[in-house]
Amino acid sequence: MASIIEAFNASNTVFPDAFHATIASVNTTLVSNVWEKVNFFSVFFTLFVAAVIYDQISYRITKASLAGDNWKIPFVGPFFESVNPQFSKYYAKWVSGPLSCVSVFHKFVIIASTRDMSRKVFNSPTYVKPCVVDVAHKLLRPENWVFLDGKAHVEYRKGLNGLFTRQAMETYLPGQQEVYREYFAEFLEMTKEKKGEPQTFVYKLRELMCAVSCRTFVGHYMSREAVKRIADDYYNITAALELVNFPIIVPFTKTWYGKKAADKVIEAFANCAAKAKIRMRQKGAEPECIMDRWIMQMIQSEKYRERLARGETVAQEEKPSMILRNFSDLEISMTVFTFLFASQDATSSACSWLLQLIADRPEMLQKVREEGARIRPDPSREVTLDDLEQMTYTRACVKETLRYRPPVIMVPYLVKKDFPIPDTNYTAKKGSMIIPSTWLSLHDPEAYANPDEFDPERWISGNAEEQGKNWLVFGTGPHYCLGQNYAILNLMLLLHMLSSEIEWHHHITPTSEEIRVFATIFPMDDLLLSFKNKGAAAY
Ligand code: HEM
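Everything in this summary refers to the structure shown in the same document. (Residues numbered from 1 in each chain as written. Predicted model: local features only at pLDDT ≥ 70, side-chain atom pairs only at ≥ 80, totals over all residues.)

1. A word on the overall build of the chain
The condition that has to hold: A run of H or I in DSSP counts as a helix once it spans at least four residues, and a run of E counts as a strand once it spans at least two, with each numbered from the N terminus. Counting other C-beta atoms within 10 Å of a residue's own tells you its class, since 20 or more makes it buried, 12 or fewer makes it exposed, and anything in between is partly exposed; those C-beta atoms are placed from the backbone.
Assigned secondary structure in the chain consists of 18 helices and 12 strands. Along the first, second and third principal axes, the C-alpha atoms of the chain reach 115 × 70 × 55 Å. Here the chain holds 539 residues, and 37% of them are scored as buried.

Okay, structure coming up:
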């Protein structure tokens, strides 16, 4: 632009003074505009370079001795990898060192990969607390019990233990069996419609697990259609849980759909709690689900308090084992929602791998069948907890599936105060994320010989049961999984019932044993299955 003006000024044409004045003023304005632009861009550029340098230096200082890239991609770090997570990338990180790191935007993330390092994190509640991705606070609501820490968490959790005792679990079994039978019939129908062709089943199994969980948690207080809606919507909740989210919920994004789905579930569970409170006060009402059992304990505690208030002396044996306060419908609902939240993805993952791994190994399936037929010869009889407890081989298959393909590969924790990690010279800074991982400890050749081999026998004749320190499938420390016994029994029930009632075939593809990460882990090919009645000629 300046050269055009210069050319203009240099011309021989004679112009009136006013015209010259105008040209001069245009000239000055343009030149100053150019300078302003130059200044704006150079200031912007300088600030940008300074920010990049600051970002890199602070990354290098925080990284210190940890394994990890020497430089980060400016600001975003490996953000795009976290949007499309790949198992191979995670694995590369774990084997890069016992402690490694990445920095995504402003978040510094430390990854603990070995058994000992992961255990140190799980067992350091003074320094760390579980940290869900930001959006989980919005989905579960900030007042939810899972966000409690320290003593408050321990106290609240104690009140929930009674929901997972042996006696409690026995009462959930009939409802679970009802759901499994309904779904088995549907699976047969699906294969029939496809004329025996295998079809992807991971999504259907997610629905099945959601239905079993809902029946266990809220019994018959929710209709089958409502359960189906929750199962369909639940996908939106998982999809909203990406590692890094936009800080506010923008309409029509994944987080918006996730929040809407979560609100619907919480409302539906609160309605169930209201119904359960009425039913459990009726004479002779027996608990059938987790909600019933919890409300029954509240009613017993209330009666106990009333007797004390009346000045009665209550014998020790009449005192409820756990004295609970009365929880509102919403509180009950939010807590039960945390059970669904914690179990849905992990159980869906485990059941997908279980059906695949056992179908691919007919000799193991045969053993499961023989064990089932020996312990429950009459398949029309309901399965009892006693039956399941005797099924050593079935249990071994479930435990080996959880070891071989652990559903939860990483458990994010937040450093709440500077954490000098024992036996290292590294201090994790307050505000960093620290993620113990489970894969290496569950594939540690010293604990589990030939760890990449699927071998249920190691739980019977081998020494896998003695490797308690390596068994991090359900975490460890004050936040270890509340539903672990229930989860194992439920998977055993599924395997036993499916193997004794129908037949299923897994269509193996080259990517069947490869891992797709979607919150938990799933077979890469989405699990191609077909089902048929026992003894039927064709699928
Ligand atoms: C195969 C299935 C499952 C796996 C692999 C699994 C795994 C885990 C893991 C790794 C943790 C974190 C532990 C820690 O931080 O130390 C956890 C926590 C938890 N799980 Fe599970 N889980 C499963 C099923 C379930 C089920 C069925 C329920 C409920 C019915 C459940 C309820 C919970 C709860 C409430 C927590 C949080 C406990 C707390 O913070 O105190 N989980 N689970």
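2. What about the site of the ligand?
What counts, and what does not: Think of it this way: take the backbone, place a C-beta atom on it, and check whether that atom is within 6 Å of the molecule or strand, in which case the residue is near it. Residue classes follow a fixed rule: Ala, Val, Leu, Ile, Met, Phe, Trp, Tyr, Cys and Pro count as nonpolar, while Asp, Glu, Lys and Arg count as charged, and any other residue, Gly among them, counts as polar.
Taken together, 26 residues lie around the ligand, and A342, S343, G475, C481 and G483 are the ones closest in. No other element matches helix α13 (residues 329-359), which puts seven residues into the shell around the ligand. Residues that form the shell around the ligand fall into these classes: 17 nonpolar, eight polar and one charged.

3. Concerning the sheet that holds strand β12 (residues 528-533)
Strand pairing in a sheet relies on backbone hydrogen bonds, with the paired strands running either antiparallel or parallel. What counts here: Strands qualify as paired when DSSP identifies two bridges or more between them.
Spatial ordering of the open sheet is given by β4-β12-β9, a layout of three strands whose pairing is antiparallel. The sheet terminates laterally at β4 (199-200) and β9 (502-506), the two strands that pair on one side only.

4. Remarks on the nonpolar core
The condition that has to hold: Only buried Ala, Val, Leu, Ile, Met, Phe, Trp, Tyr and Cys residues enter a nonpolar core, and they are joined through C-beta atoms within 7 Å. A residue pair is marked as a contact if its C-beta atoms, positioned from the backbone, fall within 7 Å.
Grouped together as the largest cluster of nonpolar side chains are 128 residues, with contacts concentrated most on V218, M291, V336, L354, I434 and L495. Counting residues per element, this core draws most heavily on α13, at 16 residues. The residues contacting L495, other than those within four sequence positions of it, are L354, I358, V368, T394, C397 and V398.

5. Side note on the pairing of strand β2 (residues 107-112)
Counting buried positions along β2 yields five of six residues, so the element is predominantly enclosed. Across six bridges, strand β1 (residues 99-104) lies against β2 in antiparallel orientation. Each bridged residue has a counterpart across the sheet, and for C101 the counterpart in β2 is I110. In terms of strand pairing, β2 meets strand β8 (residues 433-436) through four bridges, oriented parallel. Residue pairing across strands places A112 opposite P436, the latter belonging to β8.

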